[in-house]
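Residues per chain, in single letters:
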Amino acid sequence: MARLTGQWLSKLMCSKSNLSVSFNISLRFKTTKTYDVKEIIQLNYDNYNLYGPKLNRKSKKSEEKSEYHTSSEVESHKQSEKLVKLTKSKASNKQTVTVKSDKNSEVSNKNNEKKGNKQSKVPFQRKIDPAIDYILTYPMVRSDTEVDNSLLVQSAGRLIPSVTRIISETMSDLSKFYLERWKKKMISELGAEGFKKLQEETFRNGSNLHANIQHYLSGIPETELDIYKDNIGHWDSIRKVLQEVKEAVAIEEAVKHEDLCYQGKFDCLAVYKDRLCLVDWKTSKKTKPTIKDTFDNPIQVAAYIGAINNSQLLQDKRMDQITNGAIVIAYPDGQPAHVHIMDQKLCEENWKLWLERLHMYWKKVREIK
């Protein structure tokens, strides 16, 4: 032990004694100091006796437990190089621990979010857009309030969107899922060409049924109507409802909402059960005994009512504001049609839903452009 100590000290004494040597020793809870050559020799001698055996161990675990940290600028000193490596390894270990703690904090934050921690939740806030936010508060009945719809007119261009298009493009993800699932099911059963043919037949039968309803309400006798074979059941289903319609004010007319910038063609505006209603004729293979079964049809009716109230049609027909609607569901097997009456309260509720969909549509248009 004495011989090793002497060799080690002799190597230190071989360095230039007339130059000031800077040697930094950092101990836990102590600041870094600068020593001269004599103090360095004494400190190294004492530190070697204290920590030398620990530094010579090959186990990494024992090196991590050592509390001795030192760095030297004298490259020739082998022991100082070992101590520098030890310091670097400890620093890297500390960084690794920090990263793990950050990951643990991220995991804890995610767990808090799953548990419903109020601090981690961010409340939903609608983005304020004064250029189109007036849509959300527009009344269903005619209003004398003037609005600036120049941005909507500019966004729409020459093609003003229809009610059906807006409803289709703002459909919920769940509705889209069911629609796509139904399409895949029909294609798997009928094939691509068979499904296309089914769509064409459905459109043709629907056009024929609406045309016959229009002719009947216009005064043409039922015996003179050209009803397709596939529509006989539908006609039998709605015959009684048609007989209760006392006056047809407007049938299959186009209407446009100037302020909200949308358009469409409604089925019928008539007096049904002593009230002026916007009547929407629908067909379905499934029975729909409640209005909830009609999905977006009430929103469509409310959209047409608001457009009629804002159009020139009321003045031309000398009518009051429209506040009622009716959805008539005809069935191919001839069973009596379901009639869902929408009073003013229900129309107002669906009008608000329509404004939400309309606002969503124009917001998407603005983001695209």
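See above for the structure.
Residues numbered from 1 in each chain as written. Predicted model: local features only at pLDDT ≥ 70, side-chain atom pairs only at ≥ 80, totals over all residues. Heavy atoms only, no water.

Student: Help me understand the sheet that holds strand 8 (residues 338-342), please; the structure alone is not making it clear to me.
Tutor: The sheet built from five strands is open, its strands ordered 4-5-6-7-8 with mixed pairing. Taken across any chain shown, the strands that pair with only one partner, and hence form the sheet edges, are strand 4 (245-257) and strand 8. Neighbouring strand axes in the sheet, compared pairwise and without regard to direction, differ in orientation by 30 degrees on average. Pairing analysis gives 10 bridges linking strand 4 to strand 5 (residues 262-272), with the strands arranged antiparallel. Bridge pairing in strand 5 links Ile 251 to Cys 268. Helix-sheet contacts for helix 7 (residues 173-217) involve strand 4, strand 5 and strand 6 (275-283), and the interaxial angle to strand 4 is about 125 degrees. Packing against the sheet, helix 8 (residues 232-243) makes contact with strand 4, strand 5, strand 6, strand 7 (325-330) and strand 8, and its axis sits at approximately 150 degrees to strand 7. (Pairing = 2+ DSSP bridges. Helix = DSSP H or I, 4+ residues; strand = E, 2+ residues; numbered from the N terminus. Axes fitted to C-alpha atoms, helices over the stretch in contact; angles between N-to-C directions. Contact = heavy atoms within 4.5 Å.)

Student: Even after reading the chapter, I still don't get unusual backbone geometry, so can you show me in this structure?
Tutor: Note: most peptide bonds trans; most residues except glycine with negative phi. In this structure, Cys 261 is a non-glycine residue whose phi angle is positive, near 60 degrees. The exposure class assigned to Cys 261 is buried, which follows from its relative accessible area of 4%. Although it is not a glycine, Phe 295 sits at a positive phi angle of roughly 60 degrees. Secondary-structure assignment places Phe 295 in the loop between strand 6 and helix 9 (297-310). We classify Phe 295 as exposed; its relative accessible area is 64%. (Buried < 20%, exposed > 50% of the residue type's maximum accessible area, 1.4 Å probe, protein only.)

Student: Would you mind showing me how to read the packing of aromatic side chains here?
Tutor: Centre-to-centre distance and the angle between the planes together describe a pair of aromatic rings. Evaluation of the coordinates by the stated rule reveals five aromatic pairs. Ring plane angle 65 degrees and centroid distance 5.7 Å describe the contact between Trp 182 and Phe 195, whose orientation is recorded as edge-to-face. A ring pair is formed by Tyr 361 and Trp 362, whose centres lie 5.3 Å apart and whose planes are at 75 degrees; its orientation type is edge-to-face. Comparing Tyr 361 with Trp 362 shows no difference in burial state: the two are buried. (Phe/Tyr/Trp six-rings, centres within 6.5 Å; stacked < 30°, edge-to-face > 60°.)

Student: Mind showing me how you'd approach the pattern of salt bridges here?
Tutor: Opposite charge on two side chains permits them to pair, given that their charged atoms come into close proximity. In this structure the tally under the stated criterion is six salt bridges. Residues Glu 169 and Arg 165 are paired through a salt bridge, measuring 3.1 Å at the closest nitrogen-oxygen approach. Of the two residues, Glu 169 and Arg 165 are both situated in helix 6 (residues 163-169); the distance of four residues between them amounts to about one turn of the helix. Looking at Glu 169, the relative accessible area reads 37%, which means it is partly exposed. Owing to a relative accessible area of 35%, Arg 165 belongs among the partly exposed residues under this scheme. (Salt bridge = Lys/Arg side-chain N within 4 Å of Asp/Glu carboxyl O.)

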